[in-house]
Amino acid sequence: MDTDIDDTCKAKDEEKKWKQILVIMVGAPGSGKSTFCEHVMRSSARPWARICQDTINKGKSGTKVQCLTSASSALKKGKSVFLDRCNLEREQRTDFVKLGGPEVDVHAVVLDLPAKLCISRSVKRIEHEGNLQGGKAAAVVNRMLQKKELPKLSEGFSRITLCQNENDVQAALDTYSGLGPLDTLPHGSFGQKNPDAKIQLGIMKFLKKVDAPSNTGSTASSTQDPVPPQITEEKNSCLEGQEITSLLSDAAGEEVKGTENPEVASVNQNGSSSDVPTLAFPSLSTSDFQFNNEKASDVIIEKVEEFVNKLGNARLVLVDLTQGSKILSLVRAKAAQKHINPKKFFTFVGDITRLYTGGGLCCNVIANAANWRLKPGGGGVNAAIFSAAGPALEVATAERAKSLYPGNSVIVPLPSTSPLCGREGVTHVIHVLGPNMNPRRPNCLDGDYVKGCEILRKAYTSLFEGFLSIVRSQEKLSKGCNEDIRLEPSVSQDHSEDVHGNYISTGDKIKRDGGHEYEQSKKCKTQNEVGTDINLSRAANLSADNEKIGVSTSKAWGSWAQALYRTAMYPERHKDDLLEISDDVVVLNDLYPKAQKHILVLSRFDGLDRLADVRNEHLQILQTMHAVGMKWAEKFLHEDASLAFRLGYHSAPSMRQLHLHVISQDFNSKHLKNKKHWNSFNTAFFCDSVDVLEEISNHGKATLKDYDSLLSMELRCHRCRSAHPSIPRLKSHISSCRAPFPSSLLENGRLMLAPRNTAQP
């Protein structure tokens with residue numbers, strides 16, 4: 001009987017953990033709603049269904065009723081749902097919100113991007129699902145935006161995320177992509193300006209009528225409706241109104257007072273985008289070491305004030321797990337008195353090991369209040385960080401130092417295998433040891449606060465200097481490292497390569513094949529694993545320099561960029577999507593193939609993330625990948641002798657895990673849509689496998705080109721080399737071009753033809 005009761009309780013507990021989500025997308029045509037949904041669905045471990053009114057009627061446009069029926073059905077099947085329609089008016093959202101309940105959270109993701117951007121995207125679209133493209137798109141977008149009503153929590157939403165720029169979109173993408181089946185998100189309003197904030201009077205004079213807040217001193221909480229002051233001017237076009245609203249909203253966000261949770265308000269105000277280098281640190285010595293909070297807060301403010309102007313675009317975040325934390329209250333008050341820039345330094349309530357997944361705060365570096373042995377154990381922050389980071393952190397720490405003296409710190413690059421790296425985007429942990437006033441702990445100062453404050457100052461100085469050394473080294477990489485050259489991601493297929501959703505992460509913007517752009521998460525840029533005193537003297541010779549000083553140049557991949565890695569490491573979880581599995585490689589179809597036949601051969605070698613990582617000792621695995629690619633190309637040629645194939649690697653992949661492209665040379669695909677798609681396979685950006693094998697064998701590494709210029713080259717036929725002004729014109733030409741392939745492709749086995757085709761097709 002007791003067993004039955006226990007089983008029942010466990011079952012109920014499991015049911016409580018599982019909660020579906022209905023995400024109602026809100027945004028004009030061209031704002032990127034479909035891109036957002038598809039990205040998350042391919043990146044997230046949670047089962048999702050996308051309900052799109054443009055395609056719900058057997059691939060054609062349908063009705064709201066059909067969307068309601070499909071959404072309800074998907075929820076009953078246990079799936080979370082993306083409702084992909086404009087939903088710009090409250091009336092359009094009401095019936096869908098009613099689908100929520102005790103087991104279904106209803107969220108709104110608002111892509112409130114500039115009207116000019118939405119119109120530009122809509123006009124330029126090709127083969128849009130709802131056929132909203134070309135000249136008619138501008139009028140439709142403008143008309144719809146005139147009726148826009150931002151959603152409110154009072155409508156029945158449990159969470160609203162407002163995205164007003166590309167950085168906001170990327171942060172929201174990362175948040176939803178990281179959701180597991182049992183994960184939930186905090187309720188409330190995120191990414192929005194406080195509606196009760198003070199408005200600059202200088203802006204109001206430009207408006208004919210403004211509904212200003214009636215009580216600028218009132219408090220705001222996560223349960224309030226996050227609606228910015230409305231601007232009503234009948235003569236304004238939609239586009240003009242959008243610009244004025246943005247201006248007023250920016251002004252309104254300059255002063256946020258009286259919030260119930262100042263930490264959350266600070267994050268909303270300063271943004272949670274992953275493109276800002278951020279150090280999250282706990283208050284040193286005030287917990288287990290029993291250092292006086294008042295004195296500790298004075299030291300924190302003193303050192304923050306000293307370093308804040310050295311940060312550049314970086315920022316510092318003081319973190320505490322407790323909502324009513326005394327140290328946070330003291331530091332906030334003193335920071336306000338000192339007029340410290342809240343965009344450079346603010347406080348945050350949350351678990352330092354789950355700042356991103358638990359609170360949407362992206363921090364690439366976290367500080368650990370360590371013990372002198374630099375070992376796991378004890379309690380508090382030290383135990384939590386070692387536990388969350390897994391054994392990889394302990395091993396990496398031991399390689400750097402065996403012990404730590406009070407007032408000092410040590411930087412530990414976090415291995416990419418650590419959950420803190422993949423899940424939270426943390427690239428470095430800085431262990432730091434402060435002074436001890438607890439007689440039960442080593443090195444107790446017995447109440448000597450003169451010496452204690454001196455050691456605490458040294459500790460924060462060492463911590464902040466360590467963080468700055470990481471930031472500066474990464475800046476040097478971004479200027480000098482070949483792997484960090486900017487490009488627009490629709491460039492490479494690498495984000496259309498994975499069955500779980502691959503978006504280019506090597507540039508400022510991310511595009512799906514449909515052409516929508518997103519600001520790239522810069523935490524996915526190359527991260528240099530540095531120590532405090534590392535100086536990179538020559539970026540051009542970065543790899544060689546780092547080998548000499550023992551510094552790794554491994555790239556820190558965001559959670560969504562791990563999809564190919566997860567497929568290679570755990571193929572049994574993805575067997576339905578794979579063509580072949582062996583001990584060395586897995587083979588899968590490219591999700592957005594750029595030709596009739598386009599597959600990927602993934603290495604299963606852990607730590608071999610990209611072509612830049614390959615050295616002579618990896619030659620055998622590359623030979624295996626090449627042989628598997630050849631086998632599949634021969635299979636395809638046996639099925640269709642008119643095809644021709646190339647095997648090769650992209651110079652700058654966006655997804656972690658080395659992968660080989662096997663692609664037919666017809667390039668007959670609806671997914672090939674722009675110049676960078678074409679040039680990523682038809683310039684030196686595409687490194688032929690046979691050449692890579694030869695370079696590795698002779699020189700120990702592959703030669704990587706300056707791909708920024710390659711991807712912007714004019715469009716030229718890969719056979720006759722004739723130039724063409726656009727992709728449609730080029731595709732029309734290559735469909736009938738029978739010129740011989742260039743001699744360079746016929747050399748060294750770069751081009752594979754059917755055995756009977758001794759002559760070219």
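Keep in mind it's a predicted model, so treat the numbers as computed, not measured. (Residues numbered from 1 in each chain as written. Predicted model: local features only at pLDDT ≥ 70, side-chain atom pairs only at ≥ 80, totals over all residues. Heavy atoms only, no water.)

A. Examining the sheet that holds strand S2 (residues 48-52) more closely. Across the sheet, six strands lie side by side as S2-S3-S1-S4-S5-S6; this open sheet has parallel pairing. At either margin of the open sheet sits one strand with a lone partner, and together these are S2 and strand S6 (188-190). Sheet twist, expressed as the mean angle between neighbouring strand axes with direction ignored, is 15°. Across five bridges, the pairing between S2 and strand S3 (residues 80-84) is parallel. Paired with Arg50 across the strands is Phe82, a residue of S3. Across the face of the sheet, helix H4 (residues 90-97) comes into contact with strand S1 (20-26), S3 and strand S4 (104-111) while running at roughly 170° to S1. (Pairing = 2+ DSSP bridges. Helix = DSSP H or I, 4+ residues; strand = E, 2+ residues; numbered from the N terminus. Axes fitted to C-alpha atoms, helices over the stretch in contact; angles between N-to-C directions. Contact = heavy atoms within 4.5 Å.)

B. Broad picture of the sheet that holds strand S12 (residues 428-432). Taken together, six strands build an open sheet; the order of strands is S9-S8-S7-S10-S12-S11 and the sheet is mixed. Both outer strands of the open sheet, strand S9 (345-349) and strand S11 (409-413), are each paired with one neighbouring strand and no more. Averaged over all adjacent pairs, the angle separating strand axes in this sheet is 25°, with direction ignored. Sheet contacts for helix H12 (residues 326-337): strand S8 (315-320) and S9; angle to S9, the most-contacted strand, approximately 155°. Seen against the sheet, helix H14 (residues 380-389) touches strand S7 (278-282), strand S10 (365-369) and S12 and runs at an angle of roughly 130° to S10.

C. Quick peek at the pattern of salt bridges. Throughout the structure, instances matching the rule amount to 20 salt bridges. Where Arg93 meets Glu155, a salt bridge forms, and the shortest distance between an N and an O atom there is 2.9 Å. Within this pair, whereas Arg93 is found in helix H4, its partner Glu155 is found in the loop between helix H6 (135-145) and strand S5 (159-163), the two being separated by 62 residues in sequence. In this pair, the class of Arg93 matches that of Glu155, namely buried. For Glu714, the salt bridge is made with Arg716, and the minimal N-O distance between the two is 2.7 Å. Via salt bridges that share partners, Glu38, Arg50 and Asp84 belong to a single interconnected network. (Salt bridge = Lys/Arg side-chain N within 4 Å of Asp/Glu carboxyl O. Buried < 20%, exposed > 50% of the residue type's maximum accessible area, 1.4 Å probe, protein only.)

D. Inspection of the confidence of the model for the protein chain at higher detail. Looking at the protein chain, pLDDT values average 76 and 72% of them are 70 or higher. Considering only residues more than four positions removed or in separate chains, one finds that residues 194-273, a stretch of pLDDT under 50, has 134 contacts. Of the regions scoring below 50 in pLDDT, residues 757-761 engages in eight contacts with residues more than four places distant in sequence or in other chains. (pLDDT = per-residue confidence, 0-100.)

E. Structural context of the pairing of S5. Of all the five residues making up S5, five are buried; the element is thus mostly covered by neighbouring parts of the structure. Neither face of S5 is exposed, since Arg159, Thr161 and Cys163 on one face and Ile160 and Leu162 on the opposite face are all buried. Where S4 meets S5, five bridges bridge the pair, whose relative direction is parallel. Following the sheet pairing, His107 is matched in S5 by Arg159. Both S5 and S6 contribute to a ladder of three bridges, which runs parallel. In the strand pairing of S6, Thr161 is matched with Phe190.

F. Quick look at the pairing of S4. With eight of eight residues buried, S4 lies mostly within the body of the structure. On S4, burial covers both faces: Val104, Val106, Ala108 and Val110 on one face and Asp105, His107, Val109 and Leu111 on the other are all buried.

G. Geometry of the nonpolar core. Judged by nonpolar contacts, the single largest core of 49 residues is most densely connected at Ile24, Phe36 and Tyr176. Discounting residues that sit within four places of it in the chain, Ile24 has contacts with Leu83, Asn87, Arg93, Phe96, Val97, Val106, His107, Ala108, Val109 and Phe157. Among the nonpolar cores identified, the runner-up in size contains 40 residues, and Phe281, Ala459, Leu463 and Ile470 belong to it. (Core = buried A, V, L, I, M, F, W, Y, C linked by side-chain atoms within 4.5 Å.)

H. Quick look at the packing of aromatic side chains. Within this structure, the stated rule accounts for 12 aromatic pairs. With a centroid separation of 4.2 Å and 20° between ring planes, the pair formed by Trp48 and Phe82 is classed as stacked. One end of the pair, Trp48, is in strand S2; the other, Phe82, is in strand S3, with 34 residues separating them in the sequence. With relative accessibility at 8%, the residue Trp48 sits in the buried group. You can call Phe82 buried: its relative accessible area is 0%. Taking the centre distance of 5.4 Å and the plane angle of 75° together, the rings of Phe281 and Phe464 count as edge-to-face. (Phe/Tyr/Trp six-rings, centres within 6.5 Å; stacked < 30°, edge-to-face > 60°.)

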